[in-house]
Amino acid sequence: MKPFIGISGNIISDQGKRFPSYKRAYASNDYVEAVTLAGGVPVIMPIVEDKDLIKQQAERIDGLILSGGQDVDPLLYGEEPSQKLGSISPKRDVYEQHLIQFAIQKKKPILAICRGMQILNVTCGGTLYQDISLIDGASIEHNQRASSNIPTHSVSIKEGTHLYRLYGEQISTNSFHHQAVKKVALGFRVAALSKDGVIEAIEKEGDHFVVGVQWHPEMMAKEHEYMLNLFKLFIEQQKFPV
Ligand code: MN
């Protein structure tokens, strides 16, 4: 039996003429393909409101991928919106906050990607920079114009982390974010930094596998084996339950 890997879903409004603004539940197909290539059974998890349904979703999966997307509502970490804030989805925030809490209670392995890492950090008590321009000394292009499968900046990895055991001191990543982690949630540690000091990965302390990365490994996984290996490491956690 292969592990069931839940991918947190999103809602998109249909732009076509047939059903204008009709709402569809979806996840980007790169997550589906990366999970498949890494040996898991991909399952897209739609946003629902009922807390008991969210709990049952969390119980039935073997691991959780928190996918990328909108900015996190800054009110959730006690800030008013900056003029540089992008689009937000409070409904998705509420859903994923419950999902994260249930997944942590049940000790499900979590791989949190881009917005996923940001909502994970906020849910566990951390804060964000609403825009990278608000960080002193941040000088690198974190919203690359190069294709999504091309690594454009390096990240330095901290010793003693899952990422260090997988990669050693440094890797190159793609980068599609304009927000970043400010205060790391209690019980988490910084696992990687870009050369300009932006937090690029966080991990939960202890033996429960909860890893957040600011880049998009799913967009590189087909062409770059080292990014597929991150999904494999995450999926392998199923064989060694904590
Ligand atoms: Mn970056």
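The paragraphs below set out a description of the structure included in this document. (Residues numbered from 1 in each chain as written. Predicted model: local features only at pLDDT ≥ 70, side-chain atom pairs only at ≥ 80, totals over all residues. Heavy atoms only, no water.)

A few words now on the sheet that holds strand E5 (residues 63-66). One key point about sheets: their strands pair by backbone hydrogen bonds, in either a parallel or an antiparallel sense. With mixed pairing, nine strands are arranged side by side in an open sheet as E4-E1-E5-E6-E13-E12-E11-E8-E9. Across the chains shown, the open sheet's two edge strands, defined by having one partner strand only, are strand E4 (41-45) and strand E9 (170-173). Sheet twist, expressed as the average angle between the axes of neighbouring strands with direction ignored, equals 20°. Here strand E6 (residues 110-113) pairs with strand E13 (residues 210-213) via four bridges, running parallel. Note that in E13 the partner of Ala112 across the bridge is Gly212. (Pairing = 2+ DSSP bridges. Helix = DSSP H or I, 4+ residues; strand = E, 2+ residues; numbered from the N terminus. Axes fitted to C-alpha atoms, helices over the stretch in contact; angles between N-to-C directions.)

Further remarks concern the nonpolar core. Core analysis: the biggest nonpolar cluster contains 32 residues, and Ile65, Leu111, Ile113, Leu163, Val213, Trp215 and Phe231 have the highest contact counts within it. Of all the secondary-structure elements, those providing two or more residues to this core are strand E1 (4-8), helix H1 (29-37), E6, strand E8 (153-157), helix H5 (162-167), strand E11 (188-194), E13 and helix H6 (225-236). Element by element, the count of residues in this core is highest for H6, at seven residues. Apart from the residues lying within four places of it in its own chain, the contact partners of Leu163 are Ile157, Gly168, Ala191, Ala201, Glu203, Val213, Trp215 and Leu230. Grouped together as the second largest cluster of nonpolar side chains are 27 residues, Ala58, Leu120, Ala185 and Ile199 included. (Core = buried A, V, L, I, M, F, W, Y, C linked by side-chain atoms within 4.5 Å. Buried < 20%, exposed > 50% of the residue type's maximum accessible area, 1.4 Å probe, protein only. Contact = heavy atoms within 4.5 Å.)

Here the focus is unusual backbone geometry. Not every positive phi belongs to a glycine, and Ser21 is a case in point at roughly 60°. Relative to the elements of secondary structure, Ser21 occurs in the loop between strand E2 (10-13) and strand E3 (23-26). Located in the positive-phi region is Cys114, a residue other than glycine, with phi close to 55°. Summarising the element assignment, Cys114 is placed in the loop between E6 and helix H4 (115-123).

Once that is clear, we can look at the environment of Ser67. Relative to the assigned elements, Ser67 resides in the loop between E5 and helix H3 (90-105). Expressed as a C-alpha distance, the spacing of Ser67 and Phe102, which sit 35 residues apart in the sequence, is 17 Å. With near-sequence residues (within four places) excluded, Ser67 lies in contact with Ile7, Ser8, Tyr31, Arg92, Ile113, Arg115 and Gly116. Among the polar contacts listed, one links the side chain of Ser67 to the side chain of Arg92, at a separation of 2.9 Å. (Polar contact = N/O pair within 3.5 Å; in protein donor to acceptor, adjacent residues only side chain to side chain.)

Between H3 and H4, the least distance of the axes is 10 Å, while the angle of their chain directions is 70°. Comparing their axes, H4 and H3 come out roughly perpendicular. Every residue of H4 that contacts H3 at Arg92, Asp93, Glu96, Gln97, Ile100, Gln101 and Ile104 is listed here: Arg115, Ile119, Leu120, Val122 and Thr123. Residue composition of the contact of H3 with H4, grouped by class: five nonpolar, three polar and four charged. (Parallel < 35°, antiparallel > 145°, perpendicular 65-115°, else oblique. Nonpolar A, V, L, I, M, F, W, Y, C, P; charged D, E, K, R; others polar.)

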